Structure formats: structure tokens, C-alpha cells
Amino acid sequence: MSSNSFAYNEQSGGGEATELGQEATSTISPSGAFGLFSSDMKKNEDLKQMLESNKDSAKLDAMKRIVGMIAKGKNASELFPAVVKNVASKNIEIKKLVYVYLVRYAEEQQDLALLSISTFQRALKDPNQLIRASALRVLSSIRVPIIVPIMMLAIKEASADLSPYVRKNAAHAIQKLYSLDPEQKEMLIEIIEKLLKDKSTLVAGSVVMAFEEVCPDRIDLIHKNYRKLCNLLVDVEEWGQVVIIHMLTRYARTQFVSPWEGDVLEDNEKDFYDSDEEQKEKADKRKRPYAMDPDHRLLIRNTKPLLQSRNAAVVMAVAQLYWHIAPKSEAGIISKSLVRLLRSSREVQYIVLQNIATMSIQRKGMFEPYLKSFYVRSTDATMIKILKLEILTNLANEANISTLLREFQTYVKSQDKQFAAATIQTIGRCATSITEVSDTCLNGLVCLLSNRDEIVVAESVVVIKKLLQMQPMQHGEIIKHMAKLLDSITVPVARASILWLIGENCERVPKIAPDVLRKTAKSFTSEDDLVKLQILNLGAKLYLTNSKQTKLLTQYILNLGKYDQNYDIRDRTRFIRQLIVPNEKSGALSKYAKKIFLAQKPAPLLESPFKDRDHFQLGTLSHTLNTKATGYLELSNWPEVAPDPSVRNVEVIELAKEWTPAGKAKKENPDKKFYSESEEEEDSSESSSDSESESGSESGEDEEDDHSGDSAEDSGESGSEPEAGKGRAATRSRARGRGDSKDVDKEKENSKTSESSSGESSSIEESSSDSESESESESESESRKVTKEKEKKTKQERNPLTKDVSLLDLDDFNLVSTPVALPTPALSPSLIADLEGLNLSATSSVISVSTPVFVPGKTHVLLHRMSGKGLAAHYFFPRQPCIFGDKMVSVQITLNNTTDQKIENIHVGGKKLPMGMQMHVFNPIESLEPAGSITVSMGIDFCDSTQTASFQLCTKDDCFSVNIQPPVGELLLPVAMSEKDFKKEQGMLSGMNETSTTIIAAPQNFASSVILQKIVNVANVGVVPSGQDNIHRFAAKTVHSGSLMLVTVELKEGSTAQLIINTEKTVIGSVLLRELKPVLSQG
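Values in this document were obtained by computation on a predicted structure and should not be read as measured data.

Conventions and cut-offs
Residues numbered from 1 in each chain as written. Predicted model: local features only at pLDDT ≥ 70, side-chain atom pairs only at ≥ 80, totals over all residues. Heavy atoms only, no water. Helix = DSSP H or I, 4+ residues; strand = E, 2+ residues; numbered from the N terminus. Buried < 20%, exposed > 50% of the residue type's maximum accessible area, 1.4 Å probe, protein only. Contact = heavy atoms within 4.5 Å. Pairing = 2+ DSSP bridges. Polar contact = N/O pair within 3.5 Å; in protein donor to acceptor, adjacent residues only side chain to side chain. Axes fitted to C-alpha atoms, helices over the stretch in contact; angles between N-to-C directions. pLDDT = per-residue confidence, 0-100.

So, the environment of A483
Line of reasoning, step 1. Following the sequence through the fold, A483 ends up in helix α27 (residues 476-485).
Line of reasoning, step 2. According to the relative accessible area criterion, A483 is buried, its value standing at 10%.
Line of reasoning, step 3. Along the primary structure A483 and I502 are separated by 19 residues, whereas in three dimensions their C-alpha atoms are 7.5 Å apart.
Line of reasoning, step 4. For A483, the residues in contact, after removing those within four places along its chain, are I498, I502, I512 and V516.

Let's talk about the pairing of strand β5 (residues 903-912)
Line of reasoning, step 1. Relative to strand β7 (residues 925-928), β5 is paired through three bridges, and the arrangement is antiparallel. By the bridge assignment, I903 is partnered in β7 with L928.

Details of helix α18 (residues 294-303)
For an α-helix, the turn length of 3.6 residues means that residues three or four places apart are oriented alike.
Line of reasoning, step 1. Within α18, seven of the 10 residues are buried, leaving the element largely enclosed by the surrounding structure.
Line of reasoning, step 2. All buried positions along α18 are accounted for by D295, H296, L298, L299, I300, N302 and T303.
Line of reasoning, step 3. Each element contacted by the buried residues of α18 is listed here: α14 (226-232), α15 (238-255) and α19 (312-325).
Line of reasoning, step 4. N-capping of α18 is provided by D293, with a side-chain oxygen placed 2.8 Å from the backbone N of D295.

Looking at the sheet that holds β7
Line of reasoning, step 1. Taken in spatial order, the four strands line up as β7-β5-β9-β10 in an open sheet, and their pairing is antiparallel. Bordering the open sheet on either side are β7 and β10 (959-964), each of which pairs with just one other strand. The sheet shows a mean angle of 35° between the axes of neighbouring strands, direction not considered.
Line of reasoning, step 2. In the sheet, β5 pairs with strand β9 (residues 949-954) via four bridges, with the strands oriented antiparallel.

Points about the confidence of the model for the protein
Line of reasoning, step 1. Of all residues in the protein, 74% attain a pLDDT of 70 or more, and the chain-wide mean is 76.
Line of reasoning, step 2. Overall, residues 1-40 carries pLDDT values under 50, and its contacts beyond four positions in sequence, including any with other chains, amount to 21 contacts.
Line of reasoning, step 3. Low confidence marks residues 263-273, where pLDDT is under 50. Its contacts with residues over four positions away, or in another chain, come to eight contacts.

In C-alpha cells, the structure reads:
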């Protein structure tokens, strides 16, 4: 290496050559072709050593170099293991750079990133806001479905963080989580709703972006925040301004009436043939003066200063807002700002000019004062030149056409042939739109026919053909001149245009037309297909008008066409022969051959290609591409009557009440205050119609409760935990309230703690009533509330001891109380009775199937929407007895239509099941509407094995292969039995039917409630009462064979425990043991 270096330096010479030589040798190795790769490896080895160093300075230097590599676009993914080790570094600077690296590569190196997930979770609690935000960014960059619950928890915590920077990153993470798992939509909407109330300008843009991504149709979330967003707009970061302006444009189109009505009426006044009724309607409309909504005016006023923004995207966003929602008289102010953007880069120019081209079609007056700004420069790119031509054509009128035509004459001489051809088309459009200069344009185009450039001549011929078609009687000389050009022009489109013109005017040039046919007959075989078709047409027309001179020529051409390679030409030949040459087989059409071929053709319409783009929102990708792009949100039409503007009112008075002395406010009605806080979430989700159905005084009190609940939530965002606030309020009200209010308060607490303890199990209720909830009316929701209150009263009567239970006690044993206090809604009365019987007698000798203790809400992907062409399917196990058979496991499948079209005939096709396995399929679904969802039930007999059930999920057009593999815990049914019966059965299932293992974990993980929660989360087992505190017993039986599965967790001294499983089904027993061991071991 060193000898090569010196040799290179000697050849180069000079003092600086030494460094250059060393740099060169670092990339060229004497080992030959593989030197480049070995040097790269060597560089990375150096970085790895620095990262493993004990010195923070070396690590920091290495991280700076690695981030520099990433910034230059170099691949640094192989350093991931070395970098990720430093994620727990105590040095803040190193940690920041490590997180920058991880955000870039976490998605590519998911497995390695998952190993450090506990470190990221710890970092979410770091005192430094940058570290917390970076940890959340890394966590959301690991796109693995298994960590969705962790991500959701992290986002919830971050959304309530004191730092606006962390809350901003929480809003960014919402979009990533939604793209990873759309099933989390409802929970994410709750977080978005909370973040929309944030008063920080740093958060506003990001949360609106999340809103646009997750739930753009939930306009109701914007109402209360509309004025705040309008006022914050000027201070929000630039890209946040763009997103907010686009969202507010859509909002304004749904909430305000059109400000353009006056302009439309003025145009319609010119209509002469209106009926009397229409005249009356117009007169009525004129009598109603348009008054702009103050909120509409607020938006227009607050966005006006942003026209001076240095960011082109912000200016473009404001311009489209003015175009779509401002009165036409005020929209003119955007023209100056858009013209200013034409000094930017050519990419910006391209987008701005496209939007100006669309605007200038409808409102020419806006851009006429800036006509010279659209003159073409020699340095412009071709795409920019063509767009400027388009705008100049749109702005052309009688006053400026002479100036523009002089400009066009210069453009035609351009070396850019595509631009020159576009200019000729522009001259043709000007000639059709302004009749005063049509002759001048035509003469100018004829002069271009003598141009040396073939492309210019060809384009001129095509445009002249269109112009002559509009007024053919006057221009016989031009047609003769073009016929002479046929010998020199070779461009197929131009040749075809000349032949078409001669054929159409063959009676006006009777001497020239036959000679043209003679010349083209000679070259027929070598002509382009387009020209051949026009030669056939010309022959047919001359045969009908001048058969003496052209009969033989036409027959010769028809014979050539009969054997042509192109089937279009062969078909045209057969058609023409039957039509113009009469014979016995000819039909009635041959009599009308002359009328068919020589009929008057309608003149072509020369229109702007931007005319049909105005239905897309300006500044969007869809407008640029002139096609609807994925994710495009259409602007709605103006409503005829404005919706209620009071929905945007924010109750400032009610918020002020919150700051009055606490004693007075709370003495007035202590338990009402408690109600509003304890059921804050429930109140916010209830519709206003619920309160209207009650008496006037009650509805007024409910409104006050809602406001106080909202204000409590707002104050909770400042950093204190709302749950703690609720607990304190509850204890204060209990100490202060009277005897009867105590009962009510405690009843509330009981219901609240039982609801919170079954956080995940609430998804059972949602899934079991999906189909009902879609069609459920408000009256049903009210009746449901009434029944809930009745249930609470009956529980209180049945269990009077609950009065003595404090809130802390409930928290201690809430997990144990969950199985018995919360039967799922799908239970029959007999099963509820069984469950109650289980609680009352611990010595029953009956072994029977009981209700599930817990139902995990986890769903599994059956069919991804990408694989299913828009049809998505998820399945989960509801842990209910299957209605299709005693030996079958119940499976619920949710089908979603993510397309914008109806999916028809969804059914199960072919099945590939292992021996003995059976499946009961759901009934075919006739159709699933766009964005629709439906839940269906299936039954599968897995034969007590975890083998996969494979089948085809079919629609009308496609079939998709899908699989369902059950977790071992879902192959069980919970069993209710006494401790005596458990020991008896366990004694019979010893020896080879028993498997056991030792578990080591922290002592807090061996609490009764923790063990219960962990085991019932994995397996569908029932709880067996135990007389010993250190032994926990669970019992179940297999669905197919009914074999007992007995699970025992025996706590030993220290931090160890023994897990024992007794069952005849030893395979299932060992699989269940393997699944339970890591769950019980981890914290």
C-alpha cells in the first residue's frame, strides 16, 4: 500500500499531493478489482472500533461520521448492531445521534431494533424532551404489528407530555401507527381530538396532518377548534400552514354558503329565453342579499398575510383557498403573488404555471395586467415554455392579439422543435377564438409551409387543415399549394392531413385530385398505415365523383389494400369495395355511398387541455396529473343553506366558572361535580339528542356538566394525570357528601373500576355488537343507559357490603373481581346463573363449562387489503361456545371494503383442511359497500391441534388463499370446578400426563391479580377457588375431545414458582407450557 502511495505521489508532485495520494490509495487496493469493497469494510471496521471504545469522545466522533455518511446518501446499515449498543449511553449528544441513525434504519433492521425496545420504552420517560421525542420516533419507525400496543401506549403518554415538541412527535407517530394497523382508528381519533385542543403552534400542523390521514371526514372534530386554527395560522411552521390551509378549504366548502351567487346571477340576467317562473326565482334570489359568515371572513382575512410567505407551497395553498372560497372580486390579489413565484426554480414554476393555466381559462382579467411575465425566455425549459404558451393563448383578446402574434413569430423560429410545433398550434387556437385575426393567422401558417424545417411544415399542415375545415369555400388556392407539398413532406400526420383535405374538396380541385391519387398509388406499399387509410378514402371519394378518370386507379389501390399486412387496412378495403362498387351482393347502403363519404364534417373544436382540470382542487397532485390520485379528498359543493354556525362557539363563560373559588362551586352540587368528572369520557361521546329527550332542567344541568368536564380535561393537559385528579375529586366528594350521595358515588366508583380493569375485554362488547351498532338509533342508546342503571341498582341490593369497600381496596383486587362481575353481553341467562353459582359455592362437585374469564381483543390479519385488492379481513376468537357445533371453535371474521367500489358475492371457496378437521362457513355476502364493514361468524373443528385451516376467500371476480392458525389457548373452554374436584382429577392425571417447569421472576409479578391476568390472556381457562395463598389453580377442557386441562402455579420461596400442567393431551399441554412460561417470567 505504501509503495503505491509513494509512486503516485512522485508522479503527481507538489506538497498537497501526499494527502491526495493517501486518499486515492484508500480507495484503490493492490488486491485488484475487490479493493474498493475491502476499503469500505476497513473504514467501517474503524467506526465499529470507535463505537466500542470506552471513551465518549471517540463514540461521538464515530456517530458524527456515520450521520454524515447518511446525509451524503451512503449506506450505513451494516453498522446497526454497533450503533444500537450505544442507545443506552448516558451522554446526551451520543444518544441524540444514535436516535437519528435508528430512525433511518429501524424499519430495515426490525429484528435488531426489537431487541432494544425496552431501552426505547425507558427513554420515553427521559427528562430530556429531545430524547423522549426521538425514542417515540424510533419506536414508530419499527413497523412490526406485534408492537402496536406498545406504540399505542407510548403515543397516549406522549400526547399528554408537557413538551410541545414531544406532542408534535406523537401526532407524527399517529400516522405511522394508522398505516401499520388501521384497526386502531377509533383510539387514534380520541388522541387526535385531544391534540386538536392543543394551543401550541408547534403541534397544530402535525395534528391536522394526522387528522387528514386518519379521519378526514370527521369535520365535527374541527368545529370547536376552527377559530383557534385560523388565529394560530400565521405563527405555525410553514409545512403546517400548508396542511391546515388545505383542510380549512375543505371545511369552508361544507360549512358556508357560496360567495359567488351574486356573480352567477349577473351572468344569468343576460338570458333572454327564460320562462316567467325562472325570472321570478331570480328576482327572489336578488332580493336576498348575500351576507358573509364572520367565520368565513375570519379565514380569508387571516390567510391574506401568508401571500407574502417565502415558501412557495404556502403561497400556492393560500392562492387555491382564495380561488375556491373567496368572493370573485377579492380573488384578484393572488395573481401578483403567483407571478412572483415565477422567479423560483423551474419545478416551482411548472406547478404554479399549471395552476395559472387553469385559472386563466375562467377568469382572464386576473392575469391580463401581468401578460409580459408569461413571455417565453430562451433559458426556460420546454415544459415551462409550453405552459406559458397555454396561458398566453388563454389571455389573448382583440386588444393584445397583435402583440402576441409578433411574439409567436419569434417563437416559431426557435431551435426547440417541440416548442415551435406547440407555437403553431397556439396560432391556430388564436385564429379560431378571435375571428378578426383568423385570415392573418392562416396566411402566416401558409408562409410557414415553405419553412426548411419539416416538423414546422408538418404541424402547419395539420393546423391549416383544421382551420380550412371551418371555412372551406374560400381557400381553394391554399389546397392547391398544399397538394404540391405532398412530394416533399414525409411526416405521416401531415401527409394524411393533405390527402384528407384534397378528398374533402375534390370537386373544387377536379384536375389536381386525380393526379395526387396517381402519385400516392405508386408509393402505397411504402406509406405509413395512417396515410394508407387516407389514400383509400381519397380513392373512394374520387370514384364517386370522377369515376371516368379514377375507376382503374381506385380498383388498383383496393387490390393493394386487400393484401396489406395491417388488418385495419384490409377491413377498410373490403368495406369500401362493397360500398362503392355495386354488384349483386351489395346491400341498400351502396345507394347512399356518396352521402356517407362526402357528408359535411363538423369543424374541430380547438380547446385548452386545462379546461377539464378545474374540478380538481388547485395545487394538488390530482390537478397536476389530471387524474384522481390515491388519497385525494374532493372538494364538496357549496351547501344551499349554511349549517348551524353555533357549533363553532367555544363556551368561554363556562371555562371562567372553573376559576371561581372551589368551595362555593362544589358546595352547590357536590355529586353532580363528581359525576361529570368520573364519566367525562362517556359524557363527551354522548350525542346532544340524549339530553334533549330529558326534562328542561336536567338537560341544562347536563350541559353544565359537559362544560366542566371539558375544562377539567383542558386543565389536565398541562401535565397532571387526569386519573389522579378524578380520584382526588372522588374522595373529596365522598367526605363532604351526605349518606345517600355516598351510595351513588361508590356505585359510580364500582362501575368505573370494573370498566377500567377490563380495558381489553371491552372489545368483546364492540365485536359482538358490530352489526347492531351500525343501525342502532339514539333511542336504543338511551334505553341501554337506563338498563345499565337498573343493573347497577340490583347489584347494589344484592351486594350491600360494597359500601364498606374503599377505592384502594377495589384497585387491589379489581382483576380478580373482573371475571365474576363482568359477564359478556352475549351470555344466556342460564350461563349467568352458573357463574353466580360458582361464586356462591366453592365445594360444588359439578364440573361444567363456565363463561370466559377474559377475552383478549387482539385480532389477526386474515387478508391484507393490498393482497385482497381492497378487501381486508381480520379474525379473532370470541371465546364463546360455537353455535355451529359442540366440537368447533368460534371464529369471528371482520371484512372491510377499502376501495371506492362495491365488492360483490363474498364467500368461502375451496378448502384445504388436514385430516379430520371440519369447517362451518359463513353465508355468502351479496355486496359490501365502499368503506363498509361486516362481521361474520365461522366454526372450525381444529381436532385439538394447532394445525392451519387453509381455505379460499372469494369475491365475484377473485379468489384469495387465506389461513387461520389457532393459538393453543383458544382450543380450550373454561371449566368451573371445586378445589376438591381439581385435586381429585389432578391425582388421576399424574405421571406421563403431567408436565412442569420452574419460573423465575420478580416478586411483584407473582401477585394474585398479575398471575390471573397473564394466564387468562394466553389461555381460555376458568379460575378454581384455592384455600392456599401460594397456589393458583385454573381448569379447562379441550373443545374437540373434552379432555381436562389443569394448570397450577405454585409459588416457592424467593422469586421462583413452579408451573404444572396435567392433561391427557400431552402435546397440547407441552405447547401451552411453552407459551405460559415466558409470559409469567417477564415483567
